[in-house]
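Per-entry structural report
Single-letter residue listing:
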Amino acid sequence: MTGGALLLRFVLYGAATMVASAGDSWTLGLGLGAFTGLLGLGLERRLRAAFDSRPAILATLALLASGPANGISATPDPSQAVLFGASCLVFFVLAGSSIPSAPALGLAAAVSIGPAAFEWARASWWHIDPVNLLVALFGAHGTLYGAPLLWAGFLGLGGLRREKPALARLALAALGPGVVSLLLATDQAEASTRIATWLPFLLPGIAQCFQKAVAFARRRPERVVSGAAAVLVLWNLFLMEQYRLRLLPSDDTVSFAQVTSNSAGLLSRLFGTPAAWPANWIFAWRLEVPLDRWDAIAGRRLFANEKAVAATIEIGDDASLFAPDVPLLLEGFGARRTCEQGWCRDLDGAGRLLLPLAGVGRGDFTIRLRARGQGVLSLSLNGVSTSVAAMTESLSDVTLRAPARTANRGFNVLSLSVAGGGKATLDRLTLERDLGNGSAR
């Protein structure tokens, strides 16, 4: 191994962290980059004992380049970099044993679940829900959503169990408890801290996938070429669909970025964002919503502040592409328009809103909808609690009071309907909860 090749890999391993963390301080960015580069050289050396050199290098690069995407050193945070480095050191030591002992497997499990246990011990409230796991892995800021290459760390475990069972047991000892700990949500939750301690244990699975991919490409090169051709055909189909839907001008040039953005939007609407599979499929099936809605709603929470007793959704006020009310509105709502002194949206007959709640309190849960129109407006929360009220010609509150037990942590559906299929104009939705007394545990 030449000094030039070693230096090049050192730079490559640290480049992503350096760029991500250099925004506020180049000195700190260079320091964290150098630290990550040294970690990469050590991890690569450990992998070379079990895998060929190319898969070992590619796996190390994939892991360290994915770190900033998951929040590891995405901001200048030496303490988090040290935590990640410590977990890399634990992996380096434990993976050196040909047959990991029970204490070694126990240490791997303890390291991976340590941050979650520390959060739980300090939390004023906590709850366990499968939705927490889906959001942490596949939400817009999730581990696998931001770094799809890490999927290889899980997919490679099958082949690893047959060919290198000792490494497979070590990886499973850390990844199992680490992933399960994502079921827990607390007021102390920090996703990047949670994943920092079990990320290095994805390396054996990633290296296994790369090694199998290299072997397959050598053995069946024609299939690799056929796969690339299929991707190009799919790209062309999406391009033609863009012209059919008039998303692109027929008599002018367009940028590659615009074509790519449109294609990604079509793919997300038709099949869901691949990086969010299967969470977006589960979400769409449970709530009967479009597949692409998951990307905008996962991880968003009303009452994120544990002491807040009210939350407000302004309907129609924001005209930007990232208007906070748009992801919450499902079917039945029109474009924003002026009403009295502000902006509103029309409800045509019936519609639904998503309410992602961090907590619902202990007493009655109150929903106030500021609306106007003719006829009777009906509100129903999760198909259980219902309120019916007559609307007036000017904006006034329509109120639904529901017991806290009818609302859920996570996703709730508020259904609206106007008797006789009429229209209502909606201005604002206000949610109020009664925190009561005592622990939220």
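Report on the accompanying structure. Residue indices follow the written sequence of each chain, beginning from 1 at its first position. At least 70 in pLDDT is required for a residue's local features to be given in this predicted model, at least 80 for side-chain atom pairs to be given and counted, and no such filter applies to totals for whole chains, interfaces and linings, which use all residues. Water and hydrogen atoms were dropped before computing side-chain values, which therefore reflect all heavy atoms in the structure.

Digging into the state of the cysteines
Only a pair of cysteine sulfur atoms within 2.5 Å counts as a disulfide in this structure description. Enumeration over the complete set of coordinates arrives at one disulfide. Here cysteine 339 connects covalently by a disulfide to cysteine 344, the sulfurs 1.7 Å from one another. Measuring the twist about the S-S bond at about 40 degrees, one finds the cysteine 339-cysteine 344 disulfide to be right-handed. Of the two residues, cysteine 339 and cysteine 344, neither departs from the other in class, the shared state being buried. Cysteine 88 provides the cysteine sulfur closest to cysteine 209, a residue in no disulfide bond, and the two sulfurs are 19 Å apart. Relative accessibility decides the category of a residue: with a 1.4 Å probe and only protein chains considered, values under 20% of the type maximum give buried, values over 50% give exposed, and everything between is partly exposed.

Brief notes about the sheet that holds strand β9 (residues 385-390)
Strand pairing is assigned whenever DSSP identifies at least 2 bridges connecting the two strands. Runs of H or I in DSSP of at least four residues are treated as helices and runs of E of at least two as strands, each being numbered from the N terminus. The strand order β6-β11-β8-β9 describes an open sheet built from four strands, whose pairing is antiparallel. Only two strands of the sheet have a single partner each, and these edge strands are β6 (350-357) and β9. Ignoring strand direction, the axes of neighbouring strands in this sheet form an average angle of 20 degrees. Convention adopted: a line fitted to C-alpha atoms gives each axis, helices being fitted over their contacting stretch, and angles between N-to-C directions are expressed from 0 to 180 degrees.

Some details on empty space enclosed by the protein
Any residue with an atom within 4 Å of a point lines the site, the site being either a cavity, points on a 1 Å grid over the protein atoms alone where a 1.4 Å probe fits but cannot get out, or a pocket, an open set with protein on both sides within 12 Å along at least 5 of 7 lines. Grid points are joined across faces, edges and corners, and a volume is the space filled by probe spheres set on the points. Throughout the structure, instances matching the rule amount to three cavities of 30 Å³ or more. Its boundaries defined by the atoms lining it, the largest cavity holds a volume of some 70 Å³. Surrounding the largest cavity, Val131, Leu134, Ala279, Ile282, Phe283, Arg286, Leu287, Trp294 and Phe411 form its lining. Counting only elements with at least two residues in the lining of the largest cavity, the list comes to α6 (130-138) and α15 (279-287). Among the elements that take part in the lining of the largest cavity, α15 stands out by supplying five residues, more than any other. Grouping the constituent residues of the lining of the largest cavity by class yields eight nonpolar, no polar and one charged. Charged residues are taken to be Asp, Glu, Lys and Arg, nonpolar residues to be Ala, Val, Leu, Ile, Met, Phe, Trp, Tyr, Cys and Pro, and polar residues to be all remaining types, Gly included.

A closer look at the packing of helix α2 (residues 26-48) against helix α4 (residues 78-94)
Packing of α2 against α4 brings their axes to within 10 Å, and their N-to-C directions diverge by 10 degrees. Between α2 and α4, the crossing angle belongs to the class labelled roughly parallel. Across the interface between the two elements, Leu28, Leu32, Phe35, Leu39, Gly42, Leu43 and Arg46 from α2 touch Pro78, Ala81, Phe84, Gly85, Cys88, Phe91 and Phe92 from α4. Residues belonging to the contact of α2 with α4 are distributed by class as follows: 11 nonpolar, two polar and one charged. Here the word oblique covers every angle except those under 35 degrees (roughly parallel), over 145 (roughly antiparallel) and from 65 to 115 (roughly perpendicular). Should any heavy atoms of two residues lie within 4.5 Å, those residues are counted as being in contact.

Take it as geometry only, folks, not as evidence of what the structure does.
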